[in-house]
Amino acid sequence: MTPIAEDGSFSVEWEVETDLSDPGEDPEIYTSEYVMTGQFTEDGALTSVGENTVDSGTGCSGDYTFSAAFDGELPDPEPEPDPEASVDVPELTESDLADVGIGITGTGFPADAVVSLTVDGEEVGSETADADGAVSFTFKSSTLAVGTHEVVLTSGEWSASTSFTVIEDPADPEPTPDPTTDPEPTPDPEPTTDPEPTPDPEPTSDPEPTSDPEPSPADESGDDELPVTGSDDAVIALIAGMLLTAAGAALFVARRRLA
């Protein structure tokens, strides 16, 4: 039983001993070595090559071609790589490309293959595909111009391409003023009670008319003496005061003499 590798190749060696003596003579044993290699293709065909070296005592040797057939089921062949490329967003602004970047994904590459990333013909990085042939990149740039840009993922003879578009940053909006708080409403004043009406004053009676004073005797006599002013009571009080003063002075003098 000869094992066959995963890629369909195989190799086998064996020896054959031959007795070249004539009948009745001592045996003359010669050993022939055989080597055969082959390759099974995806369609089930087999290509093989064999070599044989014969030590016949005469120094002859030769190469022989063998054919072989496979008895059994071939393993499923590996799928042919069919890579594809995609981006997470088809369009983004200049600021987004510089700050966040764009995600680029490749699928269908050979497992564990090294995949390079090219943007507009310039290689910008490389990554290794996983066991399923998938690979991903995050591309950032602060210098890429506005417009559409081509992306190519390449690994050996396999490649896939896509594109994305860079647009201008929007203009800065006008600043919005801070909202002002509406003033608190002023409560309506409490209603006031009307004042009690002030009663009209009682009407006063007109004063009684006074009679003209009687003319004094001086006015009648025509003398130039000043008229007497004030009432008779005032004159009496003045005379009494003078008398009291004089009495007090006399009493003071009398006491001084007695002393």
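Residues numbered from 1 in each chain as written. Predicted model: local features only at pLDDT ≥ 70, side-chain atom pairs only at ≥ 80, totals over all residues. Heavy atoms only, no water.

Visitor: Whenever I open this one, a negative patch on the surface confuses me. Can you help?
Guide: A cluster of acidic residues, E94, D96, D99, E168, D169 and D172, forms a negative patch on the protein surface. Here D96 lies in helix α1 (residues 94–99). Classification of D96 as partly exposed rests on a relative accessible area of 37%. (Patch = residues over 30% accessible without salt bridge, like charges linked within 9 Å, V, L, I, M, F, W, Y side chains within 5 Å. Areas by Shrake-Rupley, 256 points an atom, 1.4 Å probe, with all protein chains shown as cover. Salt bridge = Lys/Arg side-chain N within 4 Å of Asp/Glu carboxyl O. Lys, Arg positive; Asp, Glu negative; His and termini not counted. Charge placed at Lys NZ, Arg CZ, Asp CG, Glu CD. Helix = DSSP H or I, 4+ residues; strand = E, 2+ residues; numbered from the N terminus. Buried < 20%, exposed > 50% of the residue type's maximum accessible area, 1.4 Å probe, protein only.)

Visitor: Mind showing me how you'd approach unusual backbone geometry here?
Guide: One non-glycine residue, D112, adopts positive backbone phi at about 65°. Structurally, D112 is set in the loop between β7 (102–107) and β8 (114–119). One non-glycine residue with positive phi stands out, namely D120, at about 50°. Looking at the element boundaries, D120 is found in the loop between β8 and β9 (122–128).

Visitor: In this structure, what is going on with the environment of W158? I would like to understand it.
Guide: You can see W158 is positioned in strand β12 (residues 158–167). Overall, W158 belongs to the partly exposed group, its relative accessible area being 23%. W158 sits 75 residues away from P83 along the chain, and the two C-alpha atoms are 6.9 Å apart. Setting aside chain neighbours within four positions, we find W158 in contact with E80, P81, P83, F109, P110 and L153. (Contact = heavy atoms within 4.5 Å.)

Visitor: Explain the side chain of S155 to me, please; I cannot follow it from the model alone.
Guide: Summarising the element assignment, S155 is placed in strand β11 (residues 147–155). Using a relative accessible area of 8% as the deciding quantity, one classes S155 as buried. Separated by 3.0 Å, the side chain of S155 and the backbone oxygen of V114 make a polar contact. (Polar contact = N/O pair within 3.5 Å; in protein donor to acceptor, adjacent residues only side chain to side chain.)

Visitor: Explanation requested: the sheet that holds β7 in the structure shown.
Guide: The pairing of strands in a sheet comes from backbone hydrogen bonds and takes either a parallel or an antiparallel form. Spatial ordering of the open sheet is given by β5-β7-β10, a layout of 3 strands whose pairing is antiparallel. Two strands lie at the open edges of the sheet, namely β5 (84–87) and β10 (135–139), each paired on one side alone. On average, each strand axis in the sheet is inclined to that of its neighbour by 20°, with strand direction left out of account. (Pairing = 2+ DSSP bridges. Axes fitted to C-alpha atoms, helices over the stretch in contact; angles between N-to-C directions.)

Visitor: It is not clear to me how the sheet that holds β9 should be interpreted in this structure. Could you clarify?
Guide: Pairing in this open sheet of 5 strands is mixed, and the strands run β6-β12-β11-β8-β9 from one edge to the other. Both edges of this open sheet fall to β6 (91–93) and β9, since each of them pairs with a single strand only. On average, each strand axis in the sheet is tilted by 30° relative to the strand beside it, whichever way the strands run. Pairing between β8 and β9: 6 bridges, direction antiparallel. Across the sheet, residue S116 finds its bridge partner in β9, namely S126.

Visitor: Sorry, what's going on with the nonpolar core here?
Guide: One broad trend across soluble globular proteins is that nonpolar side chains are buried collectively. Membership of the largest hydrophobic core comes to 19 residues, with the highest contact counts inside it found for L97, I102, I104, L117, F139, L153 and F164. Looking at this core, the elements that each hand over two or more residues are β7, β8, β10, β11 and β12. With residues up to four places along the chain from it excluded, the contact list for L117 reads I104, E122, E123, V124, G125, F137, F139, V151, V152 and L153. (Core = buried A, V, L, I, M, F, W, Y, C linked by side-chain atoms within 4.5 Å.)

Visitor: Would you mind going over the side chain of T118 with me for this structure?
Guide: You can see T118 is positioned in strand β8. Setting aside anything within four residues of it in sequence, one finds T118 in contact with E123, E150, V151 and V152.

Visitor: I would appreciate a short explanation of the packing of aromatic side chains in the present structure.
Guide: Under the counting rule described, the total for this entry stands at 1 aromatic pair. Where F139 meets F164, the ring centres are 6.5 Å apart and the plane angle is 55°; that geometry is what we call tilted. Residue F139 is located in strand β10, and its partner F164 is located in strand β12; the two are separated by 25 residues in the primary sequence. Judged by its relative accessible area of 1%, F164 falls in the buried class. (Phe/Tyr/Trp six-rings, centres within 6.5 Å; stacked < 30°, edge-to-face > 60°.)

Visitor: What am I meant to see in the confidence of the model for the protein here?
Guide: The predicted coordinates of low-pLDDT regions are not to be read in fine detail. Counting all residues, the mean pLDDT for the protein is 77, and 63% of those residues have values of 70 or more. Taken as a whole, residues 56–60 scores under 50 in pLDDT and shows 4 contacts with residues more than four places along the chain or in a different chain. Predicted confidence for residues 218–223 stays below pLDDT 50, and this span has 2 contacts to residues more than four positions away or in other chains. (pLDDT = per-residue confidence, 0-100.)

Visitor: How should the environment of G38 be read in this particular structure?
Guide: For G38, the position within the fold is in strand β2 (residues 29–40). On the basis of relative accessibility, which here comes to 11%, the residue G38 falls in the buried class. Through-space distance from the C-alpha of G38 to that of S11 is 6.4 Å; in sequence the pair is 27 residues apart.

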